Amino acid sequence: MTRIAFLGLGAIGAPMARHLAAPPFSLTVWNRTATRARSFAAEAGNETRAADSPAAAAREAAVVITCLPTSAEVESLLDGPQGLLSAMARGSTLVDCTSGDPATSRRIAARLAERGVDFMDAPVSGGTSGAERGTLTVMCGGDRAVFDRIRPVIDTFGEKLILCGPVGAGHALKSVNNALLAIHLWSAGEGLAALAKAGVSPAIALDVINASSGRSNSSENLIPHRVLTRAFPRTFRLALLDKDVGIAAGVAREQRVPAPLLQLTAELMRLAHNELGEEADHAEMIRVIERWANVEIR
Ligand code: NDP
């Protein structure tokens, strides 16, 4: 059996980890709030263990997977007596499924390499429902040999597994994807608010847009299912999308690519995040547009 450690059982981490609680893998989980790890292990069965520290989870693992809010939290797990640097075995691999930032990942990879531990960034797309179904897209950054070695592990929760480039490439690509999500959602919201005020029902507007060239995942799925219904389910926090768009804007700056729309979208996400708080779902950014326009998109 290949021992896997999974660190971070949040909205997407928990359904991803569930796929690893079965042969040929034996799973140990760790979560900052320990009760979550204990109840996960009890529900998952198959001798899944809950560890008291990242080090205890990682000690015998061939592959350690992290899925935390940002790269800063991943980096904070490296040091100290309960840290990953002292616990991970030579020849093992840290696979970071956080939507993180490329520069921190390159730093983490370099520190692990000094200990003979490999690193791969492997952020995911497909949402919590994709995680439950095991159909995520996993975008990887690192060496081909490492990618080939970890493929059976990420294949349990992923359907499309892509090696995108060197360490950091997965994180860069994920941030740009999510910046596009933010742009599509925000711009569709502005357009629908204007149309609603002009007397066009949002449902009719979406019917036309979704048969035309302005359609996107936001117009086809997010707005009909989350906004028009007023359900606004909480699956992916706006705070995390704010972080992602900030990373994308940073990648553009670092590469000296003029990207005024990315920078503006980063500002808008920060503003919406500040206004709606830490727990709001990303689709709730539409509420800010509604407040500004004094109209509801329903
Ligand atoms: P959540 O906010 O639901 O969960 C965050 C997890 O990180 C929890 O397990 C939390 O532990 C843990 N955590 C938070 N702070 C710390 C810390 N300082 N030290 C250790 N652990 C910490 O986030 P998600 O699961 O939604 O997201 C995780 C990552 O996946 C993010 O990078 C996100 O952008 C990305 N992602 C999320 C998607 C989604 O649909 N939700 C889709 C694609 C990517 P605790 O239980 O103690 O709070």
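Report follows, based on the coordinates. Here the structure is a predicted model, which is why all the values come from computation and not from measurement. (Residues numbered from 1 in each chain as written. Predicted model: local features only at pLDDT ≥ 70, side-chain atom pairs only at ≥ 80, totals over all residues. Heavy atoms only, no water.)

## Here's the deal with the packing of helix H9 (residues 169–197) against helix H14 (residues 285–293)
Moving on, step 1. Between H9 and H14, whose axes approach to 9 Å, the crossing angle comes to 30°. The handedness of the crossing between H9 and H14 comes out as right-handed. Of H14, the residues touching H9 (which contributes Ala182, Leu185, Trp186, Gly189, Glu190, Ala193 and Lys197) are Met285, Ile286, Val288, Ile289, Trp292 and Ala293.
Moving on, step 2. Residue classes in the contact of H9 with H14 are distributed as ten nonpolar, one polar and two charged. (Axes fitted to C-alpha atoms, helices over the stretch in contact; angles between N-to-C directions. Helix = DSSP H or I, 4+ residues; strand = E, 2+ residues; numbered from the N terminus. Left-handed = near helix turned anticlockwise from the far one by under 90°. Contact = heavy atoms within 4.5 Å. Nonpolar A, V, L, I, M, F, W, Y, C, P; charged D, E, K, R; others polar.)

## Things to note about the site of the ligand
Moving on, step 1. The immediate surroundings of the ligand are formed by 26 residues, with Asn31, Thr33, Arg36, Pro69 and Thr235 found nearest.
Moving on, step 2. At 3.2 Å from an oxygen atom of the ligand is found a main-chain nitrogen or oxygen belonging to Leu9.
Moving on, step 3. Thr33 places a side-chain nitrogen or oxygen 2.5 Å from an oxygen atom of the ligand.
Moving on, step 4. Isolated, the ligand exposes 910 Å² of accessible area, and the fraction of that covered by the protein chains is 88%.
Moving on, step 5. Elements with a contribution of two residues or more to the shell around the ligand: helix H7 (127–133) and helix H12 (238–254).
Moving on, step 6. Among the residues making up the shell around the ligand, the classes are represented as ten nonpolar, ten polar and six charged. (Near = heavy atom within 4 Å. Polar contact = N/O pair within 3.5 Å; in protein donor to acceptor, adjacent residues only side chain to side chain. Areas by Shrake-Rupley, 256 points an atom, 1.4 Å probe, with all protein chains shown as cover.)

## Description of the packing of aromatic side chains
Pairs of aromatic rings are described using the distance from one ring centre to the other and the angle between the two planes.
Moving on, step 1. Applying the stated criterion across every chain yields a total of one aromatic pair.
Moving on, step 2. With centroids separated by 5.8 Å and ring planes inclined at 70°, the aromatic side chains of Trp186 and Trp292 adopt a geometry described as edge-to-face. Here Trp186 is found in helix H9, whereas its partner Trp292 is found in helix H14, with 106 residues between them in sequence.
Moving on, step 3. The exposed category is assigned to Trp292, whose relative accessible area is 51%.
Moving on, step 4. A cation over a ring is seen here: Arg287 above Phe232, with NZ or CZ 3.9 Å from the ring centre. (Phe/Tyr/Trp six-rings, centres within 6.5 Å; stacked < 30°, edge-to-face > 60°. Buried < 20%, exposed > 50% of the residue type's maximum accessible area, 1.4 Å probe, protein only. Lys NZ or Arg CZ within 6 Å of the ring centre and 35° of its normal.)

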